[in-house]
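Below, each chain spelled out in residue letters.
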Amino acid sequence: MHDIRAIRADPAAFDAALARRGLPPAAAELTVLDADRRAAQTALQEKQARRNALAREIGQGKRAGTDTAALEAEASGLRGDMDSLEKRVPELDAAIRRILEGLPAVLDASVPDGPDETANVVLTEVGQKRTFHFPPKQHFELGEALGMMDFATAAKLAGARFTVLRGKLARMERALGQFMLDQHTLERGYLETIVPSLVNEATAYGTGSLPKFEQDLFKTTDGRYLIPTAEVPLTNTVAGEIVAEKQLPLRLTALTDCFRSEAGSAGRDTRGMLRQHQFRKVELVCIAHPDNSADEHEWMTRSAELVLEKLGLPYRRVLLSSGDTGFQSTRTHDLEVWLPGQQMWREISSCSNCKDFQARRMNARFRGGADGKIVAYVHTLNGSGVALGRALIAVMENYQQEDGTIAVPEALRPYMGGMEQIVAS
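Keep in mind that this is a model prediction, so the values were computed, not measured.

A. A look at the nonpolar core. One finds Met172, Leu176, Met180 and Ile422 to be the most contacted residues of the largest nonpolar core, which totals 50 residues. Formed by 28 residues, the second largest nonpolar core is a distinct cluster that contains Leu30, Ala40, Met82 and Leu100.

Pasting the structure below:
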C-alpha cells in the first residue's frame, strides 16, 4: 500500500499522484485521521503511564496507612478513558487502512499521462507481418475446421468462455508450456515452482486482488480463492519474511491454470478463446532489491519477448499510460502480438514493476547493509511469460496455410515429436 509518513510529509505530491490516475485527492482525509490516531495513541500512552504511577502511589499509601481515596478515584476515571482510547485507536487504524487499500500504486515518473489505452506508447516493433495470398482465418475458424477446438462441448460442460482442445492442438498447447518453462529456467535464470491453485484471503490481499477486485475472483465455499494468475502465490512466498540481501533477486516461474470471472467484460471477445474463465499461463515473478527493480523489469520483459521471437511471432512493446496501468503497478510494458485473422495487435504479455506497493501489503522485506542492520521493503515484479492460450492463437493464425493446416514453429517441434504441421485427423 502506501507509507502514511510519506503522505504526511508531502500530501500535495500524493494527491498529484492520484490525479495522474484520474482519482480525487485523499491526503487531507488521511492526514486528519492520522493526526487523530497519533493523538489518541499518545493520550493512551500518557494515561497508561499515569495509571502505573497511581498504582505505585496507592500501594505506597496503603502500606503507610494514608488515605488513598482520591488516588483510587483518579485511577477509576483513567480506566474509563483508557477503555475508550483502546477502542478508538484501532478504529482509526482501520479507517486509514480502508482508504489506503483502495488506492492504486504511485506511478513511475516515466509513465505517460493519458486517460486510457489511446495514450499508450509503442516503444518497439519486432518481426515482419506475414503476407498472405489468401484471406487469413481466425483461430476458432481454423480450430473448428480441424475438429480440434470445441466450444459447444465446453459450453455444455461449464458454460460460456471455456474451450475443449483435442488431439494435436491440445498437444501444441502443452508443448508451448514446456517450451516456455525451459526457456525461462534454462536460459533466463528463473526457478520453476509448483504452487497451489487455491489461496487464502491473506494471500489474495497481499498482491492486491482483495478487497478491491473480489468480483473478478472465484471464491470457494470455505473462503479460499482460485488464483487469477500464479503471481498471487509466487509473490506471497516472501510474505511476512525478511530475505537476505544476497538472495536477491529471486526469479520465479510457474505454469498454472488461471481462473477469472471476467466481471465487466460482457460482450467482449465472445468468439473463440481470447477471453476465458479458465486458461493456462506461464508466470514470471521477481523479488528484487529496490535499487535494481528497473533493471529487473527490463530483464523480465526481455524474457517474455524472447519467447515470441523464438516462436517467430511479430510483436510490439507498449508502455502503458497512466489511465491504462493496473492497480498494483507503477510501470507496465505490454507485449502485443499480431493476429492476422483479426488484423489486430492483441496483448499476450503484461510485465509490471510494482515497486514496494505489494511488499507493504505483504510485509515482505530484506536485510542488508555492511552490518546487516538495514531492513527495507523489497520490490516485486510480475509478468506473463506468456499466456498459453493466446500463444496458441498467435501460432495458429500466423502459421496457417491455405488448406487449413498449421505449420509448427521450429522451436516447438522438439516438444511435439518432430511434428512439422497440424492436419485434420
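B. Fine view of the environment of Ala9. Mapping Ala9 onto the fold places it in helix 1 (residues 4-9). Exposure remark for Ala9: the relative accessible area of 66% places this residue in the exposed category. Residues Ala9 and Thr31, 22 residues apart in the sequence, show an inter-C-alpha distance of 9.6 Å.

C. Quick peek at the pattern of salt bridges. Taken as a whole, this structure holds 24 salt bridges when the rule is applied. Of the charged contacts in the structure, one is a salt bridge between Asp113 and Arg20, with a shortest N-O distance of 2.8 Å. Pair noted here: Asp113 is in the loop between helix 4 (69-100) and strand 1 (121-126) and Arg20 is in helix 2 (residues 11-20), with a separation of 93 residues, a long-range link. Overall, the relative accessible area of 23% leaves Arg20 in the partly exposed class. Three or more residues are tied together by salt bridges with common partners; here these are Arg8, Asp34, Arg37, Arg38 and Asp93.

D. The arrangement of the sheet that holds strand 14 (residues 374-377) in detail. The mixed open sheet is built from three strands, whose spatial order is 7-13-14. Of all strands in the sheet, those with a lone pairing partner are strand 7 (242-244) and strand 14, marking the two edges. Going across the sheet, the axis of each strand differs from the next one's by a mean of 35 degrees, ignoring polarity. Inspection of the sheet shows strand 7 paired to strand 13 (residues 365-368) by three bridges, in the parallel sense. Across the sheet, the residue bridging to Ile242 is Arg365, located in strand 13.

E. Region of interest: the pairing of strand 13. Residues Phe366 and Gly368 of strand 13 are buried on one face, while the alternating residues Arg365 and Arg367, pointing to the opposite face, are not. Bridge count between strand 13 and strand 14: four bridges; the pairing is antiparallel. Counted as the bridge partner of Gly368 is Ile374 from strand 14. Taken together, strand 13 and the strand that follows it, strand 14, pair antiparallel across an intervening segment of five residues, in which Gly369 is found at a positive phi of about 90 degrees.

F. Representation of the sheet that holds strand 12 (residues 344-353) within the structure. Strand order in this open sheet of eight strands is 1-10-11-12-15-9-8-4, and the pairing throughout is mixed. With partners counted over all chains shown, the strands left at the sheet margins are strand 1 and strand 4 (191-192), one partner each. Seen against the sheet, helix 10 (residues 293-310) touches strand 1, strand 8 (250-259), strand 9 (278-288), strand 10 (315-319), strand 11 (331-339), strand 12 and strand 15 (379-387) and runs at an angle of roughly 5 degrees to strand 15.

G. Up close: the packing of helix 5 (residues 139-146) against helix 12 (residues 388-398). Between helix 5 and helix 12, the least distance of the axes is 9 Å, while the angle of their chain directions is 80 degrees. As summarised for this structure, helix 5 and helix 12 are arranged roughly perpendicular, according to the angle between their axes. Residues His139, Leu142 and Gly143 of helix 5 form the contact with helix 12, whose participating residues are Ile393, Met396 and Glu397. Of the residues contributing to the contact of helix 5 with helix 12, the split by class is three nonpolar, two polar and one charged.

H. Structural context of the packing of helix 7 (residues 167-187) against helix 12. It is the contact of helix 7 with helix 12, at a shortest axis distance of 10 Å, that shows an interaxial angle of 115 degrees. When the axes of helix 7 and helix 12 are compared, the crossing they make is right-handed. Residue-level inspection shows Leu169, Met172, Glu173, Leu176, Gly177 and Met180 of helix 7 in contact with helix 12, the latter providing Leu388, Gly389, Ala391, Leu392, Val395 and Met396. For the contact of helix 7 with helix 12, the class distribution of residues is nine nonpolar, two polar and one charged.

I. How the structure looks around helix 4. For helix 4, built from 32 residues, the straight-helix expectation of 46 Å at 1.5 Å per residue is met to within 8% by its first-to-last C-alpha distance of 47 Å. Buried positions along helix 4 lie against helix 1 and helix 3 (27-64).

J. Spotlight on the packing of aromatic side chains. This model, assessed by the stated rule, comprises five aromatic pairs. Seen in terms of ring centroids, Phe213 and Phe327 are 5.3 Å apart; in terms of plane orientation they differ by 75 degrees. Their pairing is edge-to-face. Placement of Phe213 in the loop between helix 8 (201-206) and strand 6 (225-226) and of Phe327 in the loop between strand 10 and strand 11 is noted, with a sequence separation of 114 residues between them. A relative accessible area of 8% means that Phe327 is categorised as buried. When the centroid spacing of 5.4 Å and the interplanar angle of 65 degrees are considered together, the rings of Trp338 and Trp345 count as edge-to-face. There is no split in this pair, since Trp338 and Trp345 are both buried. Following the ring pairs from residue to residue traces out a cluster consisting of Phe213, Phe327 and Phe357. Across from the ring centre of Trp299, 3.6 Å away, lies the NZ or CZ of Arg188, which sits over that ring. Here the guanidinium or amino end of Arg361 rests over the ring plane of Tyr205, the centre of that ring lying 4.3 Å away.

K. Fine view of the environment of Gln328. One can find Gln328 in the loop between strand 10 and strand 11. With relative accessibility at 17%, the residue Gln328 sits in the buried group. Taking C-alpha positions, Gln328 is 8.8 Å from Val106, a pair spaced 222 residues apart along the chain. For Gln328, the contacting residues outside a window of four places in its chain are Ala105, Thr207, Gly208, Ser209, Cys354, Phe357 and Gln358. For Gln328, the side chain forms a polar contact with the main-chain oxygen of Thr207, separated by 3.1 Å.

Cut-off values and rules
- Residues numbered from 1 in each chain as written.
- Predicted model: local features only at pLDDT ≥ 70, side-chain atom pairs only at ≥ 80, totals over all residues.
- Heavy atoms only, no water.
- Core = buried A, V, L, I, M, F, W, Y, C linked by side-chain atoms within 4.5 Å.
- Buried < 20%, exposed > 50% of the residue type's maximum accessible area, 1.4 Å probe, protein only.
- Helix = DSSP H or I, 4+ residues; strand = E, 2+ residues; numbered from the N terminus.
- Salt bridge = Lys/Arg side-chain N within 4 Å of Asp/Glu carboxyl O.
- Pairing = 2+ DSSP bridges.
- Axes fitted to C-alpha atoms, helices over the stretch in contact; angles between N-to-C directions.
- Contact = heavy atoms within 4.5 Å.
- Parallel < 35°, antiparallel > 145°, perpendicular 65-115°, else oblique.
- Nonpolar A, V, L, I, M, F, W, Y, C, P; charged D, E, K, R; others polar.
- Left-handed = near helix turned anticlockwise from the far one by under 90°.
- Expected span 1.5 Å × (residues − 1).
- Phe/Tyr/Trp six-rings, centres within 6.5 Å; stacked < 30°, edge-to-face > 60°.
- Lys NZ or Arg CZ within 6 Å of the ring centre and 35° of its normal.
- Polar contact = N/O pair within 3.5 Å; in protein donor to acceptor, adjacent residues only side chain to side chain.

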